[in-house]
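Listed below are the residues making up each chain.
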Amino acid sequence: METLYDLIIVGAGPAGLSAAQYAGRSNLKTLVIEEKSEGGQMVLIDRLENYPGILEPVNGFDFSQTMKKQAVRFGAEFTYGKVTGLGKKDGHFIVPIESPEENPVTFTAHTVLVATGADHRHLDVPGEDTYYGKGVSYCATCDGPFFKDRHIVVVGGGDAACDEAGFLAHLTDRVTIVHRRNEFRAQKALAERTLKNPHITTRFNQKVLEIKGDDTKITGVQLENTETGEKELFACDAVFIFVGMIPRTELATIAKKDAGGYLLTDEYMQTSIKGMFAAGDLRATPFRQIVTAAADGAIAAHAAAKCIDEQRCGIN
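Residues numbered from 1 in each chain as written. Predicted model: local features only at pLDDT ≥ 70, side-chain atom pairs only at ≥ 80, totals over all residues. Heavy atoms only, no water.

A. Highlighting helix H2 (residues 60-73). The terminal C-alpha atoms of H2, which comprises 14 residues, lie 20 Å apart, in line with the 20 Å expected from a rise of 1.5 Å per residue. Within H2 the residues assigned to the buried category are Gly60, Phe63, Ser64, Gln65, Met67, Lys68 and Ala71. Lining the buried residues of H2 we find helix H1 (14-25), strand S3 (77-80) and helix H6 (290-312). If you check the start of H2, you find a side-chain oxygen 3.1 Å away from the backbone N of Phe61, and it comes from Asn59. (Helix = DSSP H or I, 4+ residues; strand = E, 2+ residues; numbered from the N terminus. Expected span 1.5 Å × (residues − 1). Buried < 20%, exposed > 50% of the residue type's maximum accessible area, 1.4 Å probe, protein only. Contact = heavy atoms within 4.5 Å. Polar contact = N/O pair within 3.5 Å; in protein donor to acceptor, adjacent residues only side chain to side chain.)

Okay, here's the thing in structure tokens:
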């Protein structure tokens, strides 16, 4: 007989793992489906030191394994495979997956949580992958403190780039923003504040062609003037890239999104589709961190439990 789950969680990053723990503790029959390995982008963090209660830095892989063990201890089940769709039939959510080891299988649930995260847009230039974790970063809050009093290049010109440059300017007085246009795309007030910051200099009409290094650390970036074509090797110690995010919302095609493609939710993490929740980086939110993703997941699991109780009581 096919198992009907109370909650199916798609994605085992910090949002999904947190939701699994809270759902399990609420005695919900919970299934977590992960395509690769639990932890999401968190596993790429070498030293996690800004999560509340973690005094000594831990690596993201170990932290994600601890979160999974907690979820399993409270009764959550895990399976691995690629979710190929997300639909609804006879009041239940239908979640088909395919796995290299097994034949395609379909799971059903009263509620579903989409926690598939978002991918950082990359510059796709030589050196970007090579020096990831060695000076290339996509998170100022996570990695900025490692470059205190060093020369940091920030790539981008939107709200995120200006916001993160402002954060980094508290750590060093040498922040240079490189932007391919002749002015910021950020909100006017934010752009003006960035331009007035004495610790931030700007290099407009410049694009990064390559990130240079000595195999162990970054030594500079190769820049090109977008108007003249003139090239320059610009010395720096770190490159923080903020050129946008790509939310992984392809499964939630029926739910409402904002202009950036992020899923819109209410304060209970419920999307425009009753019983479908969203948590973590794919959700429209002003701040994306491991701690906020975990909080999203906890709220979503709690709300899913209430939603299931209403269904069982016949409340629509």
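B. Molecular detail of unusual backbone geometry. Unlike most non-glycine residues, Asp90 shows phi in positive territory, near 55 degrees. Its place among the elements puts Asp90 in the loop between strand S5 (87-89) and strand S6 (92-98). Even without being a glycine, Asp149 presents a positive backbone phi close to 65 degrees. Tracing the sequence through the fold places Asp149 in the loop between helix H3 (140-143) and strand S10 (152-155).

C. Highlighting the sheet that holds strand S13 (residues 206-213). Spatial strand order, S13-S14-S15: 3 strands in an open sheet with antiparallel pairing. Among the strands making up the open sheet, the edge pair consists of S13 and strand S15 (231-235). Going across the sheet, the axis of each strand differs from the next one's by a mean of 25 degrees, ignoring polarity. Across 5 bridges, the pairing between strand S14 (residues 218-225) and S15 is antiparallel. (Pairing = 2+ DSSP bridges. Axes fitted to C-alpha atoms, helices over the stretch in contact; angles between N-to-C directions.)

D. Fine view of the environment of Asn197. Summarising the element assignment, Asn197 is placed in the loop between helix H5 (188-196) and strand S12 (200-203). On the basis of relative accessibility, which here comes to 22%, the residue Asn197 falls in the partly exposed class.

E. Geometry of the pattern of salt bridges. Summed over all chains, the structure comprises 11 salt bridges. Here Lys212 and Glu210 are joined by a salt bridge, their closest N and O atoms 3.4 Å apart. Lys212 sits in the partly exposed class, given a relative accessible area of 28%. Measuring nitrogen to oxygen at the nearest pair gives 3.5 Å for the salt bridge that ties Lys274 to Glu310. Of this pair, Lys274 sits in the loop between strand S17 (245-247) and strand S18 (276-278) while Glu310 sits in helix H6, and the two are 36 residues apart along the sequence. By relative accessible area, which is 30% here, Glu310 ends up partly exposed. Several salt bridges share partner residues, and in doing so they unite Lys207, Glu224 and Lys231 into one network. (Salt bridge = Lys/Arg side-chain N within 4 Å of Asp/Glu carboxyl O.)

F. Structural detail: the pairing of S14. Counting buried positions along S14 gives 7 out of 8 residues, so the element sits mostly inside the fold. Sheet analysis places S13 next to S14, joined by 7 bridges and oriented antiparallel. Bridge assignment links Glu210 to a residue of S14, and that residue is Gln222. Where S13 folds back on S14, the antiparallel hairpin that results is connected by 4 residues, among which Asp215 adopts a positive phi of roughly 85 degrees.

G. Representation of the sheet that holds S10. If you walk across this open sheet you meet the 5 strands as S9-S16-S10-S11-S12, and the pairing is parallel. Strands at the two margins of the open sheet, each flanked by one partner only, are strand S9 (136-137) and S12. Direction of pairing for S10 relative to strand S16 (residues 238-241): parallel, over a ladder of 4 bridges. The residue bridging Val154 from the neighbouring strand is Phe240, located in S16. Docked against the sheet, helix H4 (residues 159-168) engages S10, strand S11 (175-178), S12 and S16, running at close to 165 degrees with respect to S10.

H. Region of interest: the side chain of Arg283. Looking at the element boundaries, Arg283 is found in the loop between S18 and H6. A polar contact of 3.1 Å, which involves the side chain of Arg283, links it to the side chain of Asp296. Here Arg283 is in contact with Tyr262, Leu263, Thr265, Met269, Ala278, Arg288 and Asp296, once residues within four sequence places are set aside.

I. Summary view of the nonpolar core. In this structure, Ile9, Phe63, Phe78, Leu113, Phe277 and Ile290 are the most contacted members of the largest nonpolar core, which totals 34 residues. Of all the elements, H6 adds the most residues to this core, at 10 residues. Among all residues touching Phe277, those that are not within four sequence positions of it are Thr111, Val112, Leu113, Val114, Tyr268, Met269, Gln270, Thr271, Ala300, Ala303, Ala304 and Cys307. Grouped together as the second largest cluster of nonpolar side chains are 22 residues, Val10, Phe93, Phe107 and Ala278 included. (Core = buried A, V, L, I, M, F, W, Y, C linked by side-chain atoms within 4.5 Å.)

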